[in-house]
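# Residue-level structure breakdown
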Amino acid sequence: MSAGGESSGAGQAGGKPIVGAAESASRGSRGAVDLKAVLGEVSGLVDNRLGELLKSPDPQCASIYEAMFYSLMAGGKRFRPALVLLTSRMLGAADDVALPAACAIEMVHTYSLIHDDLPAMDNDDLRRGRPTSHKVFGEAMAILAGDALLTEAFVVLSTRVADGQRSAALVRELSTAAGACGMVGGQVLDLESEGREGRDWPVESIHRRKTGQLILAAVRLGAVSAGADEGTLDRLSEYGRQVGLAFQIADDVLDARGTAESLGKTAGKDAASGKRTYVSVYGLEESERRADAALAAAIEALEPFGAAAEPLRALARFCVERKS
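Just so you know, these numbers come straight off a predicted model, no measurement behind them.

## Quick look at the packing of helix α5 (residues 95-116) against helix α10 (residues 203-225)
Closest axis-to-axis distance for the α5/α10 pair is 8 Å, and the angle between their directions is 170°. The angle between α5 and α10 places the two elements in the roughly antiparallel class. The crossing of α5 and α10 is right-handed. Here V97, A98, A101, I105, V108, H109 and D116 of α5 come into contact with α10, specifically with K210, L214, A217, A218, L221 and S225.

Here it is in structure tokens:
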């Protein structure tokens, strides 16, 4: 795959990433990354592009766009778009190459949050520190807003990516991750697991599908956008799998320990609803150990990329160390 003329230069030769001279010289003493600044920059880029994409083309569609906009622009860390853009940057591509995928995955993620908060699912009143979509717009409009965001994500990938083959590859990556054996399948397992006792229920499978698949997809979308070869894509996929697992284990720990104020959503709901989580199955101490192990595996997977991967390492650490 090539980057279609944009700064692809995905820094590869014979399947091995090439690190610039300055970066190569600093492999032994990798500098700290100001992740807060990086995430702020990424959020600004993604929010600006989402604002352009979410302008209603027809006054009669204004109400659904208002509901979509409410949840999509409610803040959040833009963690998944950051994975897309930082992966693409590491491989030498310009941000414009990966921004369609970064926006599309945030639209799919937001759709999943809207539906997850519905009375039929988690029945949550708060998301990102403010009332959930169905509390503001009603259940029917919230369902439709989620449906619209999911659909429009694929409009973005099919109309904003100039290279037809790359567009199709991105659609395949995101639709597979979000579908019946991906995020939706994980949600089904999550629902079926409620109230089950013992360690025989596949809690890791729930996590890898419900949360991990979309995080893995974010990394792969960034790599595909940058024109990565198969060897590079495989190495980055291992990073994405481990980050996805670490992220969800840390989420389980936060739900057990956090407050509504710190999390921006209702705390302790997993335990109250009898959900299968790492904490309910393994306890806090073992869950934290497993999160640390997944973090270590994610960082190890980035070793071939040298200092160029430091932002992705910082993002992996953030998964485990975050407070909300």
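## Observations concerning empty space enclosed by the protein
Under the defined criterion, the tally for this structure stands at 2 cavities of 30 Å³ or more. Quantified by volume, the largest cavity comes out at close to 110 Å³. Around the largest cavity, the lining is made up of 13 residues, and of these S71, I114, D117, R127 and S133 lie nearest the centre. Those elements that place two or more of their residues in the lining of the largest cavity are α3 (62-72), α5 and β4 (130-131). No other element matches α5, which puts 3 residues into the lining of the largest cavity. Here the lining of the largest cavity is composed, by residue class, of 5 nonpolar, 4 polar and 4 charged.

## Notes on the pattern of salt bridges
Summed over the entire model, instances satisfying the criterion amount to 19 salt bridges. For D125, the salt bridge goes to K135, with nearest N and O atoms at 3.6 Å. Residue D125 is located in the loop between α5 and β3 (126-127), and its partner K135 is located in helix α6 (residues 133-137); the two are separated by 10 residues in the primary sequence. A salt bridge links R241 to E238; the nearest nitrogen and oxygen atoms lie 3.4 Å apart. Residue R241 and its partner E238 are located together in helix α11 (residues 230-257), separated by 3 residues, close to a single helical turn. With a relative accessible area of 36%, R241 lands in the partly exposed category.

## Considerations on the environment of A178
Its location among the elements puts A178 in helix α8 (residues 164-178). C-alpha separation for the pair A178 and V108, spaced 70 residues apart in sequence, amounts to 7.7 Å.

Parameters and conventions
Residues numbered from 1 in each chain as written. Predicted model: local features only at pLDDT ≥ 70, side-chain atom pairs only at ≥ 80, totals over all residues. Heavy atoms only, no water. Axes fitted to C-alpha atoms, helices over the stretch in contact; angles between N-to-C directions. Helix = DSSP H or I, 4+ residues; strand = E, 2+ residues; numbered from the N terminus. Parallel < 35°, antiparallel > 145°, perpendicular 65-115°, else oblique. Left-handed = near helix turned anticlockwise from the far one by under 90°. Contact = heavy atoms within 4.5 Å. 1 Å grid on protein atoms, 1.4 Å probe; cavity = no way out; pocket = protein on both sides within 12 Å on 5 of 7 lines; lining within 4 Å. Points joined across faces, edges and corners; volume = space filled by probe spheres on them. Nonpolar A, V, L, I, M, F, W, Y, C, P; charged D, E, K, R; others polar. Salt bridge = Lys/Arg side-chain N within 4 Å of Asp/Glu carboxyl O. Buried < 20%, exposed > 50% of the residue type's maximum accessible area, 1.4 Å probe, protein only.

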